[in-house]
Amino acid sequence: MTMLLVRRTVQTAVRTKCCRSFSASQTHLNERKGLVLGVFEKEGEEAGLHLTEAAAGFDQNISGKLSELLKISGPTLKKGKSRIFYGIHKDFPCVAVVGLGKTSAGVCGSENWDTSKENIRQATSAGCRLLQDLEVNHVEVDGCGDAQSAAEGAALGLFQYDKLKSKKKTKVTTQLHGSSDSTGWQKGVMYADGQNLARLLMEAPANHITPTAFANTIEERLALHAERVTVNKRSQAWIEQQQMGAFLSVSKGSEEPPVFLELHYNGSPDSKQAPLLLVGKGITFDSGGISLKPSASMDAMRADMGGAATVCASIVTAAALKLPVNIIGLAPLCENMPSGKATKPGDVVTAKNGKTIQVDNTDAEGRLVLADALCYGHTFNPRTIVNVATLTGAIDVALGSAATGVFTNSDWLWEQLHKASVVTGDRVWRMPLFQHYTRQVTDSQLADLNNVGNSRSGGACTAAAFLREFVTAPHWAHLDIAGVMSNKDEVPYLSKGMSGRPTRTLVEFAAGLAQSG
Ligand code: BES
Ligand code: ZN
Ligand code: ZN
């Protein structure tokens, strides 16, 4: 079928004058250009397709050839499906047409996302990937009526972590086809670049992204925005001086020195405006420590700095977007390793606020590093605190990769996060912070708190209850991202690997705060 289609389109090509000049210009430029165009399904009873504005313009340009080919080449193009046509336009030897579903899709109350935006992301991503496989190196993309979503799909779909492989995929550059909404397109590229930065950090092996290398990478990325940003890479001596005993109890099993990364983005015209505080768990490798994890899938624990990666990447993106808001980012970075110096089950450590913690399971280390970072964060009098962490396997059991679990003491903050996630399609779901769970972590034989609950049930909730013991601010949210850390094929516009979720939701949330002043 594909071969037939190719032959047919090539025959068309040799017959038309434009395609003769196309082959000459291709040899000359030595660049393979492609185009991604969208088509909607017709509404209601009507069968057939409805071309986007850009696709209709293109179709007109080649005297209706595109609609003709779409009709004869197979069934009506369904949502997420694509078809390639070769040699139908002198400038674009390969044209990928992608199905966008129904025009009327919009926000879906039960799915908690904007289906139209998701369809566009999925379609442009699929189209760009098809062209990448054909070694097309420059792709123009139809804005499909929402250039931001189109750009997100394209840039997220084309992301590849092949830095360490000899054989690499074709590098593809993209641009908006036509001039419909270049601001939206640019914004989409920045949102996706932010998520791709988080993916890069999470996917990279732990011997490459050590705490020091992580901090240096973020510092380099922020150097472009030096006039609005300060970066402090706090050393072990500083951490000790701060009396962050919980954080240090995790880092002490490793030969790699810990780093406490502190970012200040001053985007608001009012330099005194209370900041949004973002705190990210930064375990660059979680072996479990003395409570060693099983070896199967332990490699995935290189992404246990996903909280730090998404938080720092969202600050890099906020700076690139020049969002008028002040943000402070904190990332306690270290490895969790077993050694003769490592913390042992039953050890008691003291956090920055003086609370004592019995560490019964050294694999529940995320809450320990976050406890000290949260205490320190309060000293900036933030308007809102959001911490992000690959905290528990239990949140994956509860929600899978459908949504980030949000535990919050603030209905207002929940609303803001939820609203942002409906736009980005990188969803959140609210989880409980009952006293029921608090009782389970305050019941300790030796100390004020125990780092694990006294029951195996509700693990994500007891972890959140533990963190709450280090929060006095009225607007705090804990995002457990362990379930959304990686992607197999659930999110079609992200390839297999570490997901960088929910960076775009954090950026959208910060943009919302910036707008509300
Ligand atoms: N980093 C893990 C949680 C995790 C699991 C992240 C799977 C991503 C995918 C965390 O430090 C951990 O090991 N948590 C333990 C807590 C338990 C010991 C109370 C867990 O979830 O099993
Ligand atoms: Zn752990
Ligand atoms: Zn961990």
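Structure shown above.
Please read all numbers here as calculations on a predicted model, not as lab measurements.

Participant: In this structure, what is going on with unusual backbone geometry? I would like to understand it.
Facilitator: Negative phi characterises most residues that are not glycine, and trans characterises most peptide bonds. Here Arg501 and Pro502 are connected by a cis peptide whose omega angle stands at 0°. You can see Pro502 is positioned in the loop between strand S22 (497-498) and helix H17 (503-516). Positive phi values are uncommon outside glycine, yet Gln243 reaches one of about 55°. Tracing the backbone shows Gln243 in the loop between helix H9 (236-241) and helix H10 (245-251).

Participant: How do you make sense of the coordination of the zinc ion (ligand 3) when you look at a structure like this?
Facilitator: Geometrically, a metal with four donors at the corners of a regular tetrahedron has ideal angles of 109.5 degrees, and one with six donors at the corners of a regular octahedron has ideal angles of 90 or 180 degrees. Donor atoms from the polypeptide that bind the zinc ion (ligand 3) are Lys281 (NZ), Asp286 (OD), Asp304 (OD) and Glu365 (OE), placed at 2.0 to 2.4 Å. One can describe the donor arrangement at the zinc ion (ligand 3) as octahedral, given that its 6 donor atoms subtend angles of 77 to 174° at the metal. Of note, the donors binding the zinc ion (ligand 3) are all from one chain and are spaced K-x4-D-x17-D-x60-E. In this model, the zinc ion (ligand 3) sits 3.2 Å from the zinc ion (ligand 2), the two metals being bridged by Asp286. Of the two residues, Lys281 and Asp286, both sit in the buried class.

Participant: So what exactly am I meant to see when it comes to the coordination of the zinc ion (ligand 2) here?
Facilitator: Coordination of the zinc ion (ligand 2) by the protein involves Asp286 (OD), Asp363 (O), Asp363 (OD) and Glu365 (OE), with metal-donor separations of 2.0 to 2.2 Å. For the zinc ion (ligand 2), the 6 donor atoms in the first shell make angles of 71 to 168° at the metal, a pattern classed as irregular. Going along the chain, you hit the donors of the zinc ion (ligand 2) in the pattern D-x76-D-x1-E. According to the relative accessible area criterion, Asp286 is buried, its value standing at 3%. With relative accessibility at 1%, the residue Glu365 sits in the buried group.

Participant: Explain the pattern of salt bridges to me, please; I cannot follow it from the model alone.
Facilitator: Pairing between side chains of opposite charge can happen when the charged atoms of each approach one another. Applying the stated rule across the entire model yields 23 salt bridges. Here Arg234 and Glu262 are joined by a salt bridge, their closest N and O atoms 3.0 Å apart. Here Arg234, found in strand S9 (residues 229-234), pairs with Glu262, found in strand S10 (residues 259-266); they are 28 residues apart in sequence, far enough to count as distant. On the basis of relative accessible area, Glu262 is assigned to the buried category, the value being 2%. We note a salt bridge from Glu469 to Lys355, for which the minimum N-O separation is 3.3 Å. Of this pair, Glu469 sits in the loop between helix H16 (459-468) and strand S20 (476-480) while Lys355 sits in the loop between strand S14 (347-350) and strand S15 (356-359); the two residues are 114 residues apart in sequence, bridging distant segments of the chain. Through salt bridges that share partners, Glu118, Arg121, Glu152 and Arg504 make up one connected network.

Participant: I tried to follow the pairing of strand S13 (residues 326-336) on my own but got confused; where do I start?
Facilitator: Every other side chain in a regular strand lies on the same face of the sheet, so the side chains alternate between the two faces. Taken across its 11 residues, S13 has 11 buried, putting it largely inside the fold. Burial along S13 is two-sided: Asn326, Ile328, Leu330, Pro332, Cys334 and Asn336 facing one way and Ile327, Gly329, Ala331, Leu333 and Glu335 facing the other are all buried. With 8 bridges joining them, S10 and S13 adopt antiparallel strand pairing. The residue bridging Tyr265 from the neighbouring strand is Ile327, located in S13. Two strands pair when backbone bridges link them, and strand S11 (residues 276-280) and S13 are joined in this way by 4 bridges, in the parallel orientation. Paired with Val279 across the bridge in S13 is Leu330. Across 4 bridges, strand S12 (residues 282-286) lies against S13 in parallel orientation. When the sheet's bridge partners are listed, Ile283 is paired in S13 with Cys334.

Participant: Please explain the site of ligand 1 as it appears in this structure.
Facilitator: Around ligand 1, 16 residues are found, and the nearest of them are Lys293, Asp304, Asp363, Glu365 and Gly393. The separation between an oxygen atom of ligand 1 and a polar main-chain atom of Gly393 is 2.7 Å. Burial of ligand 1 by the protein amounts to 75% of the accessible area it has alone, namely 520 Å². More than half of the atoms of ligand 1 fall within 2 Å of the grid points belonging to the largest pocket.

Participant: What is the right way to read the layout of surface pockets from this model?
Facilitator: Rolled over the atoms, a probe sized like a water molecule indicates the empty space that remains. When its volume is computed, the largest pocket comes out at roughly 970 Å³. Taken together, 37 residues make up the lining of the largest pocket; nearest its centre are Lys293, Leu391, Thr392, Gly393 and Ala394. Elements represented by at least two residues in the lining of the largest pocket include exactly helix H13 (393-399) and H16. Taken together, the residues that form the lining of the largest pocket break down as 13 nonpolar, 13 polar and 11 charged. The space that makes up the second largest pocket amounts to roughly 430 Å³.

Participant: I tried to follow the pairing of S14 on my own but got confused; where do I start?
Facilitator: The alternating pattern of S14 places Asp347 and Val349 on a buried face, while none of Val348 and Thr350, on the opposite face, is buried. Once S14 ends, the chain turns through 5 residues before running back antiparallel as S15, passing Gly354 with a positive phi of about 90°.

Participant: Got a minute to help me understand the nonpolar core in this structure?
Facilitator: Most often, soluble globular proteins have nonpolar side chains that are buried together. Core analysis: the biggest nonpolar cluster contains 63 residues, and Phe214, Ile218, Leu261, Leu323, Ile327, Val386 and Leu479 have the highest contact counts within it. When residues of this core are assigned to their parent elements, the largest contribution, 9 residues, is made by helix H11 (residues 306-320). The contacts of Leu323, once residues within four sequence positions are left out, are Tyr265, Gly267, Ala318, Val507, Ala510, Ala511 and Ala514. Judged by nonpolar contacts, the second largest core, of 48 residues, contains Leu248, Val369, Ile395 and Met431.

Participant: I'm lost on the packing of aromatic side chains in this one. Help?
Facilitator: Tallied over the entire structure, the rule returns 8 aromatic pairs. Relative to Tyr376, the ring of Trp238 lies with its centre 5.2 Å away and its plane at 85°, an arrangement referred to as edge-to-face. Of this pair, Trp238 sits in helix H9 while Tyr376 sits in helix H12 (residues 366-378), and the two are 138 residues apart along the sequence. Plain terms: the ring middles of Phe466 and Phe470 are 5.4 Å apart, the flat faces sit at 45° to each other, and that makes the pair tilted. Residue class for Phe466 comes out buried when judged on its relative accessible area of 0%. Grouped by ring-pair contacts, the aromatic residues Trp238, Phe247, Phe260, Tyr376 and Phe380 constitute a single cluster. The ring of Phe470 has Lys355 sitting right over it, with the charged end atom 6.0 Å from the ring centre. If you follow Arg427 out to its NZ or CZ, it ends over the ring of Trp113, 3.9 Å from the centre.

Calculation rules
Residues numbered from 1 in each chain as written. Chains lettered and ligands numbered in written order. Predicted model: local features only at pLDDT ≥ 70, side-chain atom pairs only at ≥ 80, totals over all residues. Heavy atoms only, no water. Helix = DSSP H or I, 4+ residues; strand = E, 2+ residues; numbered from the N terminus. Donors = N, O, S within 2.8 Å, 3.2 Å for Na, K, Ca; no water. Tetrahedral: all angles 85-135°; square planar, octahedral: opposite > 155°, others 65-115°. Buried < 20%, exposed > 50% of the residue type's maximum accessible area, 1.4 Å probe, protein only. Salt bridge = Lys/Arg side-chain N within 4 Å of Asp/Glu carboxyl O. Pairing = 2+ DSSP bridges. Near = heavy atom within 4 Å. Polar contact = N/O pair within 3.5 Å; in protein donor to acceptor, adjacent residues only side chain to side chain. Areas by Shrake-Rupley, 256 points an atom, 1.4 Å probe, with all protein chains shown as cover. 1 Å grid on protein atoms, 1.4 Å probe; cavity = no way out; pocket = protein on both sides within 12 Å on 5 of 7 lines; lining within 4 Å. Sits in = over half its atoms within 2 Å of the grid points. Points joined across faces, edges and corners; volume = space filled by probe spheres on them. Nonpolar A, V, L, I, M, F, W, Y, C, P; charged D, E, K, R; others polar. Core = buried A, V, L, I, M, F, W, Y, C linked by side-chain atoms within 4.5 Å. Contact = heavy atoms within 4.5 Å. Phe/Tyr/Trp six-rings, centres within 6.5 Å; stacked < 30°, edge-to-face > 60°. Lys NZ or Arg CZ within 6 Å of the ring centre and 35° of its normal.

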